[in-house]
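Report on the structure
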Amino acid sequence: MKYMLLIWNRPGFVEELSEQERNAIFGEVDEVMKELTESGELVGGQALADPSQTRTVRSVGGRAEITDGPFLESKEQFAGYLMVDCDSPERAAEIAARWPDVRRGVGVLEVRPIMDEAGTEL
């Protein structure tokens, strides 16, 4: 089963860290990614650009309205994602729990199953 691990963290926390702390976090990320690659569980993933580069599109009065930024009332931002293919939701949650943002208390990972093409998971 494939799972999307949505990474949410506090904007600017990385910039507040010392170079040594940043290197430690990125080293931990590299370790997790290497393990997932070697186990064959990693499907993909990517960090997202700063939210200031975001545009939000919604329907207003039947027309598309485009605004700058996500402007969510939240202390956390959607910062990136991992897609994994593993045996169970418990394994996906285990992977999420190892993510440095989670372990350091500066972020959360949302674990969501990905529907197959038939959409039978609804």
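It should be noted that the structure appears before, not after, this text.
The following paragraphs examine the structure supplied in this document. (Residues numbered from 1 in each chain as written. Predicted model: local features only at pLDDT ≥ 70, side-chain atom pairs only at ≥ 80, totals over all residues. Heavy atoms only, no water.)

For the rest of this paragraph, the subject is the environment of Ile25. By the element assignment, Ile25 lies in helix α1 (residues 19-39). In this structure, the C-alpha to C-alpha distance between Ile25 and Trp99, residues 74 residues apart in sequence, is 9.3 Å. (Helix = DSSP H or I, 4+ residues; strand = E, 2+ residues; numbered from the N terminus.)

Once that is clear, we can look at the environment of Ser18. Along the polypeptide, Ser18 turns up in the loop between β1 (2-9) and α1. Taking the C-alpha atoms as reference, Ser18 lies 33 Å from Thr56; in sequence the two are 38 residues apart.

Relative to the helices and strands, Ser88 is located in the loop between β5 (77-85) and α2 (89-98). At a separation of 3.0 Å, a polar atom in the side chain of Ser88 contacts the main-chain amide nitrogen of Arg91. (Polar contact = N/O pair within 3.5 Å; in protein donor to acceptor, adjacent residues only side chain to side chain.)

What follows covers the packing of α1 against α2. The contact between α1 and α2 brings their axes to 10 Å, and the two run at 155 degrees. One way to sum up the angle between α1 and α2 is to call them roughly antiparallel. Between α1, through Val32, Glu35 and Leu36, and α2, the contact on the second element is made entirely by Arg91, Ile95 and Arg98. Considering only residue class, the contact of α1 with α2 consists of three nonpolar, no polar and three charged. (Axes fitted to C-alpha atoms, helices over the stretch in contact; angles between N-to-C directions. Parallel < 35°, antiparallel > 145°, perpendicular 65-115°, else oblique. Contact = heavy atoms within 4.5 Å. Nonpolar A, V, L, I, M, F, W, Y, C, P; charged D, E, K, R; others polar.)

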